[in-house]
Amino acid sequence: MKKLVVLITLLTVLLSSCAQPAVAPPAAEAPVEQAAVQPTEQPTSPPQPTEEPTVLPTETVWEPVSVNMILQPYLGVGPIFIAMEEGFFEDEGLVIVPIEIRTSRDTATALASGQADVAATDISVTYFNIIAQNPALKIVSEKGFANPDSTCAYQGLVTLADVPDYTPGMDLSFFKGKTLDIIPGNQHHFLFDLLLEGQNFTTQDMTLTTIDPAIRIESMRSGQLYGISTVEPLITRYLAEGDTKLWIGMNDVLPNATVSTIMFGELFTQKNPEAGIRWMRAYLRAVEQYNQGLTDRNVEIFAKYTKLDPELIKKACPSDLRPSGEIDSESIMAYQEWAVKNNFMNAVVPLETLWDGRFLEAAKE
């Protein structure tokens, strides 16, 4: 009877939340299309098995809380898909109201305005700047890192096969004056500038641009592009072309760097921190399942939420997640310092302004 009452309460909250105004989904910056050819498989990282779950739901019957959560159909959001599909959020009395937004700018705006309460975000100047202006917004967990022990790359630079293979310390002058598909100021731009340290030129001697993913390969073949900085599953799709290669992975240049995070808005950081702890507990349970690897169940869940072919998902390189959820603060601060030096930010945002670790700490107790 008690479970029936809780279920009715949850349904009531969910129905009432549907009447809330949602953020209209804008056109995607980089639409992902289904692969037209059989993907070429990257060597994949071995799964990180979880012998016994270390984060368990509490037995408390919680007062239901409605949470507006930005849900992006990308493989890197895998743990959130798992938490939704396996009922981990429901176990914590959280009623998730999905909001589909695909751009960093619109995600930041939705978080700052209170239209969204939680989102998975990249490490970028967009989020550093929005946190500096809105102290209620906080990074609360890592959601992906550049694993130096990985045998594949979730993010990296794809080139044509005839580009000289990368070796540490090599002369990279063949990149000088070339055009790369890289968003100026983003973490991949930072990565490439690091790669050019000690060379006789920087990315200022190159052209950085962004074009439609559907024509990137042809643009390389025609000489308009020399390389494409991208993520999975596009890496696997591009490698399926046969005349391309993964020239370098982010994990080869920025080992252990935090590349994506979970960000909370004021609902969790100020109004209802207890609900934020419950969200984090559900998320950490999902990370444990995610780190079991591309199991049949995980692939099934990812395919449902991304609409990608399960066979493509099985061949793609999964994003690496630290079970602890802790960030690599050194890489975050180094990226900010580079961004300030190159006029993408006015000032470095202090770590204590960016980060709020109380939710991770409490969720693990």
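Values in this document were obtained by computation on a predicted structure and should not be read as measured data.

## Focus on the environment of Phe 174
- Checked against the element boundaries, Phe 174 lands in the loop between strand S5 (155–160) and strand S6 (179–181).
- Accessibility expressed as a relative area gives 18% for Phe 174, which makes it buried.
- Beyond its immediate stretch of four places on either side in the chain, Phe 174 contacts Val 163, Pro 164, Tyr 226 and Trp 247.

## A short note on unusual backbone geometry
- Cis rather than trans, the peptide bond between Glu 232 and Pro 233 has omega equal to 5°.
- Position of Pro 233 among the secondary structure elements: in the loop between strand S8 (227–231) and helix H8 (234–239).
- The backbone of Asn 256 sits at a positive phi, close to 75°, despite the residue not being glycine.
- Look at Asn 343: it is not a glycine, yet its phi comes out positive at around 65°.

## Observations concerning helix H5 (residues 125–133)
- Among the residues of H5, those classed as buried are Val 125, Tyr 127, Phe 128, Ile 130 and Ile 131.
- Where H5 is buried, its residues contact helix H4 (104–113), strand S3 (118–122), strand S4 (138–145), strand S10 (258–264), helix H14 (329–341) and helix H15 (351–354).

## Here we look at the sheet that holds S6
- Here five strands make up an open sheet; going across it, the order is S7-S6-S8-S5-S9 and the pairing mixed. Two strands close off the open sheet at either side, each with one partner strand: strand S7 (207–209) and strand S9 (244–249). Recorded for the sheet is a direction-independent mean angle of 25° between the axes of neighbouring strands.

## Digging into the nonpolar core
- Counting 98 residues, the largest nonpolar core has Phe 175, Phe 192, Trp 247 and Trp 279 as its most contacted members.
- With 10 residues, the top contributor of residues to this core is helix H11 (residues 273–290).
- Discounting chain neighbours no more than four positions away, the residues touching Trp 279 are Met 69, Ile 80, Phe 89, Leu 94, Ile 96, Val 118, Ile 262, Phe 264 and Phe 268.
- Within the second largest apolar cluster, 10 residues are counted, among which are Leu 160, Ile 217, Ile 235 and Tyr 238.

## Let's talk about the pattern of salt bridges
- In the structure shown here, the tally under the stated rule is 16 salt bridges.
- Across the pair Asp 91 and Arg 285 runs a salt bridge whose closest N-O atoms are separated by 2.9 Å. Residue Asp 91 is found in helix H3 (residues 88–91), and its partner Arg 285 is found in helix H11; the two are separated by 194 residues along the sequence.
- Note on Asp 91: relative accessible area 36%, which makes it partly exposed.
- Here Asp 165 and Lys 245 are joined by a salt bridge, their closest N and O atoms 2.3 Å apart. Here Lys 245 lies in strand S9 and Asp 165 lies in the loop between S5 and S6, a separation of 80 residues in the sequence.
- Where salt bridges share partners, they join Glu 218, Arg 221, Glu 241 and Asp 243 into one cluster.

## Points about H4
- Taken together, the buried positions of H4 are occupied by Thr 107, Ala 108, Ala 110 and Leu 111. On an axial view of H4, the arc spanned by its buried residues comes to 165°, and they lie on one face.
- One or two residues past the end of H4 sits Gly 114, with phi positive at roughly 85°.

## Topic: the pairing of strand S2 (residues 94–99)
- The buried count for S2 comes to five of six residues, which makes it a mostly enclosed element.
- Here strand S1 (residues 65–70) pairs with S2 via six bridges, running parallel. Note that in S2 the partner of Ser 66 across the bridge is Val 95.

## A closer look at the confidence of the model for the protein chain
- Confidence in the prediction for the protein chain averages 87 pLDDT; 85% of positions are at 70 or higher.
- Taking the mean pLDDT of every element in the protein chain, the minimum, 37, falls on helix H1 (residues 2–17) and the maximum, 98, on S6.
- With pLDDT under 50 throughout, residues 1–40 is counted as low confidence; its partners more than four residues away or in other chains account for 53 contacts.
- In the predicted structure, residues 44–51 sits below a pLDDT of 50 and forms 21 contacts with residues beyond four places in sequence or in another chain.

## Side note on the environment of Glu 337
- You can see Glu 337 is positioned in helix H14.
- It is 9.4 Å that separates the C-alpha atoms of Glu 337 and Val 349, two residues lying 12 residues apart in sequence.

## Brief notes about the packing of H4 against H5
- At a minimum axis separation of 10 Å, H4 and H5 run at an interaxial angle of 20°. Judged on the interaxial angle alone, H5 and H4 are roughly parallel. The interaxial crossing formed by H4 with H5 has right-handed handedness. In contact with Ser 104, Arg 105, Thr 107, Ala 108 and Ala 112 of H4, H5 contributes Thr 126, Tyr 127 and Ile 130.
- For the contact of H4 with H5, a count of residues per class yields four nonpolar, three polar and one charged.

## Thoughts on the side chain of Thr 107
- With respect to the helices, strands and loops of the structure, Thr 107 is situated in helix H4.
- The exposure class assigned to Thr 107 is buried, which follows from its relative accessible area of 0%.
- Apart from the residues within four sequence positions on either side, Thr 107 is in contact with Ile 70, Gln 72, Ile 101, Ala 119, Thr 121 and Tyr 127.

What counts, and at which threshold
Residues numbered from 1 in each chain as written. Predicted model: local features only at pLDDT ≥ 70, side-chain atom pairs only at ≥ 80, totals over all residues. Heavy atoms only, no water. Helix = DSSP H or I, 4+ residues; strand = E, 2+ residues; numbered from the N terminus. Buried < 20%, exposed > 50% of the residue type's maximum accessible area, 1.4 Å probe, protein only. Contact = heavy atoms within 4.5 Å. Pairing = 2+ DSSP bridges. Axes fitted to C-alpha atoms, helices over the stretch in contact; angles between N-to-C directions. Core = buried A, V, L, I, M, F, W, Y, C linked by side-chain atoms within 4.5 Å. Salt bridge = Lys/Arg side-chain N within 4 Å of Asp/Glu carboxyl O. Arc of directions from axis to C-beta. pLDDT = per-residue confidence, 0-100. Parallel < 35°, antiparallel > 145°, perpendicular 65-115°, else oblique. Left-handed = near helix turned anticlockwise from the far one by under 90°. Nonpolar A, V, L, I, M, F, W, Y, C, P; charged D, E, K, R; others polar.

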